[in-house]
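Single-letter residue listing:
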Amino acid sequence: QVQLVESGGGLVQAGDSLRLSCVASGRTFSSYVMGWFRQAPGKEREFLAAISGGGTTTYYGDSVKGRFTISRDNAKNTVYLQTYSLKPEDTAVYYCAAGGSLYKVSGGAYDYWGQGTQVTVSS
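Residues numbered from 1 in each chain as written. Predicted model: local features only at pLDDT ≥ 70, side-chain atom pairs only at ≥ 80, totals over all residues. Heavy atoms only, no water.

Caption draft 1: Molecular detail of the overall build of the protein chain. When you go through the protein chain residue by residue, the secondary structure sums to zero helices and eleven strands. Mapped from its N terminus to its C terminus, the protein chain presents α and β elements in the order β-β-β-β-β-β-β-β-β-β-β. Here the protein chain has a C-alpha radius of gyration of 13 Å; the compact-globule value for 123 residues is 14 Å, and the two agree. Taking the principal axes of its C-alpha atoms as reference, the protein chain extends roughly 40 × 25 × 25 Å. The buried share of the protein chain, taken over its 123 residues, is 47%. A separation threshold of at least 6 residues defines the contact pool for the protein chain, and within that pool the share at least 24 residues apart is 56%. (Helix = DSSP H or I, 4+ residues; strand = E, 2+ residues; numbered from the N terminus. Rg over C-alpha atoms; globule rule 2.2 N^0.38 Å. Buried < 20%, exposed > 50% of the residue type's maximum accessible area, 1.4 Å probe, protein only. Contact = heavy atoms within 4.5 Å.)

Here it is in structure tokens:
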């Protein structure tokens, strides 16, 4: 069992940056592929990024490629999502997830989810 807690969301202006964090419980964090997703009101959940257990391989969704960066610190059981040049259309609840497969973008591929952190980008 893995518990995930996200933080770092907030209200920002267009063009700003945010770093989201997700802390995981448990001793096997480094064995999990970790992913970030988001869901805006009235829209489907969207895959953003994933990172391998060792942190050496990453994969991004087309909508954020080049603007967001995923990383992890296994010593701290933490995965990060650094966001840059935020746009109003980035407004959503952002979720981290564990236990997926690096190149599978479906949320159904992941076993554990956090409660989410709200990101709101004003124009």
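Caption draft 2: Geometry of the sheet that holds strand E1 (residues 4-7). Pairing in this open sheet of four strands is antiparallel, and the strands run E1-E3-E8-E7 from one edge to the other. At either margin of the open sheet sits one strand with a lone partner, and together these are E1 and strand E7 (68-73). Across the sheet, the axes of successive neighbouring strands diverge by a mean angle of 15 degrees, strand direction being ignored. Bridge count for E1 against strand E3 (residues 18-24) is four bridges, and the pairing is antiparallel. Within the sheet, the bridge partner assigned to Leu4 lies in E3 and is Ala24. (Pairing = 2+ DSSP bridges. Axes fitted to C-alpha atoms, helices over the stretch in contact; angles between N-to-C directions.)

Caption draft 3: Molecular detail of the packing of aromatic side chains. Considering all chains together, one arrives at eight aromatic pairs under this definition. Between the aromatic rings of Phe37 and Phe47, the centroid separation amounts to 5.6 Å while the plane-to-plane angle is 75 degrees, which identifies the pairing as edge-to-face. Placement of the pair is Phe37 in strand E4 (residues 34-39) and Phe47 in strand E5 (residues 46-51), with a sequence separation of ten residues. Assessed through its relative accessible area of 1%, Phe37 is described here as buried. Judged by centre distance (4.9 Å) and plane angle (55 degrees), the rings of Phe37 and Trp113 are tilted. Of this pair, Phe37 sits in strand E4 while Trp113 sits in strand E10 (residues 112-113), and the two are 76 residues apart along the sequence. (Phe/Tyr/Trp six-rings, centres within 6.5 Å; stacked < 30°, edge-to-face > 60°.)

Caption draft 4: The arrangement of the environment of Thr117 in detail. Residue position: Thr117 is located in strand E11 (residues 117-122). Spatially, the C-alpha atom of Thr117 lies 19 Å from that of Tyr60, the residues being 57 residues apart in sequence. Setting aside anything within four residues of it in sequence, one finds Thr117 in contact with Glu6, Ser7, Gly8, Gly9, Leu20, Ala92, Val93 and Tyr94. A distance of 3.1 Å separates a polar atom in the side chain of Thr117 from the backbone nitrogen of Gly9. (Polar contact = N/O pair within 3.5 Å; in protein donor to acceptor, adjacent residues only side chain to side chain.)

Caption draft 5: Summary view of the side chain of Ser52. With respect to the helices and strands, Ser52 occurs in the loop between E5 and strand E6 (58-60). Excluding anything up to four places from it in sequence, Ser52 contacts Tyr32, Val33, Thr57, Arg72 and Leu102.

Caption draft 6: A look at the state of the cysteines. A full pass over the atoms with the stated rule returns one disulfide. Covalent S-S linkage joins Cys22 and Cys96, the inter-sulfur distance amounting to 1.9 Å. Between Cys22 and Cys96, the disulfide has an S-S torsion of 45 degrees and is therefore right-handed. With Cys22 in strand E3 and Cys96 in strand E9 (residues 92-98), the pair connects residues that are 74 residues apart, well separated along the chain. Note on accessibility: Cys22 and Cys96 belong to one class, buried. (Disulfide = S-S within 2.5 Å.)

On their own, these measurements won't tell you what the molecule is for.
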